[in-house]
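Examining the three-dimensional arrangement
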Amino acid sequence: MLNKKQLEENVLEAAEKRIEWTLKTFPRVCVSFSGGKDSTLMLHLTALEARRQKVKIYVLFIDWEAQFQMTIDHILRIKSLYQDVIETFWWVALPLTTINAVSQIQPEWVCWETGAELVRTPPEDAVCDPNLFPFYKPAMTFEDFVQGFAGWFAQNRPAAVMIGIRADESFNRFRTIASDSKTRYADDLPWTSATRSGHAWNIYPIYDWKTADIWTWFARTTLPCNPLYELMFQAGVPLRYMRICEPFGPEQRQGLWLYHVLEPERWASLCQRVQGASTGGRYAKESSSFYGRRKLIKPEHLTWKQYALLLLESMPTATAEHYRNKIAVYINWLLNHGYPHGIPDCQEKDTGSRDVPSWRRICRVLLTNDYWCRALSFSPTKTVHYQRYCQRIKKKRKEWQLI
């Protein structure tokens, strides 16, 4: 991992230089836009620089179907504001699979699912034709889609996809930037990384911004930001919990209750559309042991390992098998990497952002419905390979005699 180094310029000057370099270096540049504060700021900076250079950019917005109308209105406003420099605005409304962290019965859900009673209808110019993208497969995961899109967008030529993540948001995002194992465009450009396509590059121009930097920039420029943030602030939502994207993820679910307050009709549709939405809206924001948020407790007569096994027994069979596979791989790896006698029941800082192995950490994964076990250093398994992966690991579990 890299150590943090202080730059001579401030974060705004650094981001502007990175964006200027990107637009001059790559013939095709696409901004990944979600409607949140980070991607909105990045799109503002990129579009303004594109005007100065008199070049065109592309924009990708993935519509999750279950979104606030305020976010949709904000997307339309930004699209109109920079229509002079946007070559193509892909408003994607295709069935994609993503996490549903408010249900163990339905741990994933498919937005824009064919035959479902949808929360809302997509705009007329949205991409609803699955044949537009040759890499698209029905109900593919978001991760698979963005990887496929990067390769398709590049068209076998150098291209850049700009992503508004910040290292300050989470340890995983810090690792995305600071990892020594990733391929960079150049050694002195840590804010770049190669994609699987071999031609497209991910660019992270605001990776070193803090939350305060984001809001200071919006306050000084008065350029439009999603007004939903103002309502979140008025409702008492802490800055670190303000999320605007697909609503049912482990972090995003903490804002589900706002649908009930701000858009009750849409909230009713959400509850009918996605299993567990009502329960998530009621409990996800509370600082209780429900969902393992903030407080993590167990029955006094059980060890953390026993509690983990009890939680697995209480789950639907398919969900429990998914977790057993992941946990078995995790423990087997640790048996050969520093824990020959097995992982401890608990240890200091084992529930934080860093992966400190313990059975208590595994309980946290199960209680938070961390379906892809990101807290155990896993990444989502590709949809097309998942069933084969499950069958192979199930056989391995018998060999290892784990879980």
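Residues numbered from 1 in each chain as written. Predicted model: local features only at pLDDT ≥ 70, side-chain atom pairs only at ≥ 80, totals over all residues. Heavy atoms only, no water.

Details of the confidence of the model for the protein chain
For the record, the criterion: Each residue carries a pLDDT score, the predictor's own confidence in it, on a scale running from 0 to 100. A contact between two residues is defined here by any heavy atoms of the two lying within 4.5 Å.
When pLDDT is averaged across the protein chain, the result is 87; 89% of the residues are at 70 or more. Under a pLDDT of 50 for its full length, residues 288–292 has, in the predicted model, 18 contacts with residues more than four places off or in other chains.

Side note on the side chain of Asp 63
Condition: Helix numbers and strand numbers start at the N terminus; a helix is a DSSP run of H or I with at least 4 residues, a strand a run of E with at least 2. Counted as a polar contact is a pair of N or O atoms within 3.5 Å, where, for protein atoms, one must be capable of donating a hydrogen and the other of accepting one, and residues adjacent in sequence contribute only when both atoms are in side chains.
As for its placement among the helices and strands, Asp 63 is situated in the loop between β2 (57–62) and α3 (69–81). At 2.8 Å, the side chain of Asp 63 forms a polar contact with the side chain of Arg 120. With residues near it in sequence (within four places) discarded, Asp 63 still touches Ile 72, Trp 91, Val 92, Cys 111, Trp 112, Arg 120 and Pro 123.

Points about helix α2 (residues 37–53)
Applied cut-off: Helix span is expected to be 1.5 Å times the residue number reduced by one. Residue burial is assigned from relative accessible area. The probe radius is 1.4 Å, only protein chains are included, and a residue is buried under 20% of its type maximum, exposed over 50%, and partly exposed in between.
Helix length check: α2, at 17 residues, gives a terminal C-alpha distance of 24 Å against a target of 24 Å (1.5 Å per residue), a fit within 8%. Of all the 17 residues making up α2, 13 are buried; the element is thus mostly covered by neighbouring parts of the structure. Just beyond α2, the residue with positive phi is Lys 54, at close to 60°.

Comments concerning the pairing of strand β9 (residues 200–203)
Keep this limit in mind: Paired strands, in this sense, are two strands between which DSSP finds at least two bridges.
Neither face of β9 is left uncovered, since the one carrying Ala 200 and Asn 202 and the one carrying Trp 201 and Ile 203 both have all their residues buried. Here 4 bridges tie strand β7 (residues 159–162) to β9, and the two strands are oriented parallel to one another. Within β9, the residue paired with Ala 160 across the bridge is Trp 201. As paired strands, strand β8 (residues 192–194) and β9 are joined by 3 bridges and run antiparallel to one another. Looking at the pairing, Thr 192 lines up with Ile 203 of β9. The turn joining β8 and β9, which pair antiparallel and follow one another in sequence, is formed by 5 residues; a positive phi near 90° is taken by Gly 198.

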